[in-house]
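Okay, here's what each chain looks like letter by letter:
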Amino acid sequence: MTGFSRLAVLVAALPLAFAAVRSAPRPATELRLVKTSEEDPGTWMTEEEKFEKLTSKRIGFMDITDTMELETMGAALKAARSQKRAAFPSSPSHQTQANTLIKNVKQSNLQTWTNGLADIYNRYYRGSYAGTSATYMYSTVTSVASANSAITVKQFSHSYSQPSVIATIPGSSSEVVIVSAHYDSVGSTTSGRAPGADDNASGVVAVLEALRVLAEAKYAPANTLEFHFYSGEEGGLLGSRDVFNSYVRSGVDVLAVMNQDMTGFSPNNVIAVYTDYSDTNLNNFIKKLIPIYTSLPVSTDKCGYGCSDHASAYSAGYPAAYVCDENIRDSSPYIHSAQDTVSTVSFPHVLEHAKLTVGFLVEASYF
């Protein structure tokens, strides 16, 4: 796809963005501004109230306290993109190259990394193990990326003590394609056991294995490829909103984002593409990739407002998609509990998601 300069668009959007922010004085710093729908003006609540009223009840929400201007900047960006962007390809066209790489995807790595993440007592972004999980995530990504010296790995800091991690394979173009997953977890309480094996170690390891395969192959893409591992998703998409708020402000040209949140529990043995708060054209392209690069059929569903990190990219005006292991009705009953253990994860299913991730990255390298 042909790039375009959006600096003027963003500069023009900023005054409107800040004008849209509530003029009322901000409450004490321990309160957070939370939205549960696009129409919701937001409610100030404590971290404890966020968990009790929303997270524990599996209600989707966004904590916009530090990123109040994101939606307004994103709306301006979407308007500019609608006039400048070509459609996504009508079908995959780099199967030979992708399939050569996909042959190197290994299920054993998926199991090893899932065990490593699930062994951490919990990965709650404000909990006692936030730093431990952040260190594990950063060191693991760095180790995987070390096969190719061209790859950079960095931590993206937030207002809490659990940075996100971003690995970058530089391309000949500055245009960016992103695959992502969140690595934080939460249980039935904020301090309790939360192995988070399906939610979302399974998504993390699919992305990690794709990074490993491309790193060891010294893959040189046309578009720059980024691998995002977000923190704070369970607190209202905090990590991803911070990242995409920064990207919009900096004029980063993101062509597509494919987010994965849960890839290892699928009674119907499908790969699900969620169609709300996502880009229809990108969804349609990914639906064409699934039968090409995996052995599984496609399912579609809707998950509502703020259900995972793709919603942050979508709010920022970037084409975003959410790929999952199952529809809402048949999804894992164990998430957000001490029972979301490795024993509930189907690693052959995670393997199919890893294959899809490699296939997507190769195809998207040429957008």
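As the structure is a computational prediction, the values presented were derived from the model and not from experiment.

**Remarks on the overall build of the chain**
(1) Moving on: Looking only at helices and strands, the chain features eleven helices and eleven strands.
(2) Moving on: Computed over its C-alpha atoms, the radius of gyration of the chain comes to 19 Å, within 12% of the 21 Å expected for a compact globule of 367 residues.
(3) Moving on: Principal-axis analysis of the C-alpha atoms places the extent of the chain at approximately 55 × 50 × 40 Å.
(4) Moving on: When burial is assessed residue by residue, the chain has 59% of its 367 residues classed as buried.
(5) Moving on: When contacts within the chain are restricted to residue pairs at least 6 apart in sequence, long-range pairs at least 24 apart make up 82% of them.
(6) Moving on: For the chain, the exposed area adds up to about 13,600 Å²; of that, 51% sits on carbon and sulfur atoms.

**Focus on the nonpolar core**
(1) Moving on: Counting 63 residues, the largest nonpolar core has Phe227, Phe229, Ile286 and Phe360 as the members making the most contacts within it.
(2) Moving on: Examining the composition of this core, we find that twelve residues originate from one element, helix H7 (residues 197–216), more than from any other.
(3) Moving on: Residues within four places of phenylalanine 360 in sequence aside, it is in contact with Val177, Ile178, Val179, Ala256, Met258, Leu282, Ile286 and Leu289.
(4) Moving on: Ile166, Phe244, Val248 and Val254 belong to the second largest nonpolar core, which has 18 residues in total.

**Topic: the state of the cysteines**
(1) Moving on: Following the criterion strictly, the structure yields one disulfide and no others.
(2) Moving on: Across the disulfide from cysteine 303 sits cysteine 307; the S-S distance is 1.9 Å. The sign of the S-S torsion, about -40 degrees, decides the handedness of the disulfide formed by cysteine 303 and cysteine 307: left-handed.
(3) Moving on: Overall, cysteine 303 belongs to the buried group, its relative accessible area being 19%.
(4) Moving on: Cysteine 324 forms no disulfide, and the closest cysteine sulfur to it belongs to cysteine 303, at a distance of 8.2 Å.
(5) Moving on: Look at cysteine 324 and you get buried, because its relative accessible area is 1%.

**Topic: the packing of aromatic side chains**
(1) Moving on: Under the criterion given, the structure shown has 13 aromatic pairs.
(2) Moving on: Both rings, one in phenylalanine 244 and one in tyrosine 247, keep their centres 6.1 Å apart while their planes meet at 75 degrees; by these two values the pair is edge-to-face. Highlighted residues: phenylalanine 244 and tyrosine 247, both in helix H8 (residues 238–250), separated by three residues, approximately one helical turn.
(3) Moving on: An aromatic cluster of three or more residues is present, and its members are Phe88, Phe285, Phe360 and Phe367.
(4) Moving on: The ring of tyrosine 314 has lysine 78 lying over it, and the distance from NZ or CZ to the ring centre is 3.5 Å.

**A few points about the sheet that holds strand E11 (residues 320–324)**
Hydrogen bonds between backbone groups are what pair the strands of a sheet, and the pairing can be parallel or antiparallel.
(1) Moving on: Here we have eight strands laid out as an open sheet, ordered E4-E5-E7-E6-E8-E11-E9-E10, and mixed in their pairing. The sheet terminates laterally at strand E4 (152–156) and strand E10 (298–301), the two strands that pair on one side only. For this sheet, the mean angle separating the axes of adjacent strands, direction not counted, is 25 degrees.
(2) Moving on: Examined bridge by bridge, strand E9 (residues 271–274) and E10 share four bridges and lie parallel to one another. Across the sheet, the residue bridging to valine 273 is threonine 300, located in E10.

**A look at the pattern of salt bridges**
(1) Moving on: Counted by the stated rule, this structure contains twelve salt bridges.
(2) Moving on: Lysine 50 is paired through a salt bridge with aspartate 63; the nearest N and O atoms lie 2.8 Å apart. With lysine 50 in helix H2 (residues 47–53) and aspartate 63 in strand E3 (residues 62–63), this residue pair connects regions lying 13 residues apart in the sequence.
(3) Moving on: With relative accessibility at 2%, the residue lysine 50 sits in the buried group.
(4) Moving on: Sharing partners across several salt bridges, the network here consists of Arg32, Glu47, Lys50, Asp63, Asp66 and Arg126.

**Digging into the environment of phenylalanine 88**
(1) Moving on: Tracing the sequence through the fold places phenylalanine 88 in the loop between helix H3 (70–84) and helix H4 (95–102).
(2) Moving on: Overall, the relative accessible area of 12% leaves phenylalanine 88 in the buried class.
(3) Moving on: Separated by 194 residues in sequence, phenylalanine 88 and leucine 282 have C-alpha atoms that sit 6.6 Å apart.

**Topic: the side chain of asparagine 200**
(1) Moving on: Positionally, asparagine 200 belongs in helix H7.
(2) Moving on: Overall, asparagine 200 belongs to the buried group, its relative accessible area being 0%.
(3) Moving on: Engagement of the side chain of asparagine 200 in a polar contact is seen with the backbone oxygen of glutamine 260, the distance being 3.2 Å.
(4) Moving on: Setting aside chain neighbours within four positions, we find asparagine 200 in contact with Arg123, Ala181, His182, Asp184, Gln260, Asp261 and Met262.

**Looking at helix H5 (residues 107–118)**
(1) Moving on: Taking 1.5 Å of rise per residue, twelve residues should cover 16 Å, and H5 covers 17 Å from first to last C-alpha, within 8% of that figure.
(2) Moving on: When we look at burial in H5, the residues that qualify are Asn109, Leu110, Trp113, Thr114, Gly116, Leu117 and Ala118.
(3) Moving on: Elements in contact with the buried residues of H5: helix H6 (130–145), H7 and helix H11 (347–364).

**Remarks on the packing of H6 against H7**
Any two packed helices are characterised by how steeply their axes cross, that is the angle between the axes, and by the distance between the axes.
(1) Moving on: At a minimum axis distance of 8 Å, the contact between H6 and H7 shows a crossing angle of 25 degrees. On the basis of their axis angle, the class for H6 and H7 is roughly parallel. In this structure, H6 contributes Met137, Thr140, Val141, Val144 and Ala145 to the contact, and H7 contributes Val204, Leu208, Leu211, Arg212 and Ala215.
(2) Moving on: Its residues placed into classes, the contact of H6 with H7 shows eight nonpolar, one polar and one charged.

Reading the values: the criteria
Residues numbered from 1 in each chain as written. Predicted model: local features only at pLDDT ≥ 70, side-chain atom pairs only at ≥ 80, totals over all residues. Heavy atoms only, no water. Helix = DSSP H or I, 4+ residues; strand = E, 2+ residues; numbered from the N terminus. Rg over C-alpha atoms; globule rule 2.2 N^0.38 Å. Buried < 20%, exposed > 50% of the residue type's maximum accessible area, 1.4 Å probe, protein only. Contact = heavy atoms within 4.5 Å. Areas by Shrake-Rupley, 256 points an atom, 1.4 Å probe, with all protein chains shown as cover. Core = buried A, V, L, I, M, F, W, Y, C linked by side-chain atoms within 4.5 Å. Disulfide = S-S within 2.5 Å. Phe/Tyr/Trp six-rings, centres within 6.5 Å; stacked < 30°, edge-to-face > 60°. Lys NZ or Arg CZ within 6 Å of the ring centre and 35° of its normal. Pairing = 2+ DSSP bridges. Axes fitted to C-alpha atoms, helices over the stretch in contact; angles between N-to-C directions. Salt bridge = Lys/Arg side-chain N within 4 Å of Asp/Glu carboxyl O. Polar contact = N/O pair within 3.5 Å; in protein donor to acceptor, adjacent residues only side chain to side chain. Expected span 1.5 Å × (residues − 1). Parallel < 35°, antiparallel > 145°, perpendicular 65-115°, else oblique. Nonpolar A, V, L, I, M, F, W, Y, C, P; charged D, E, K, R; others polar.

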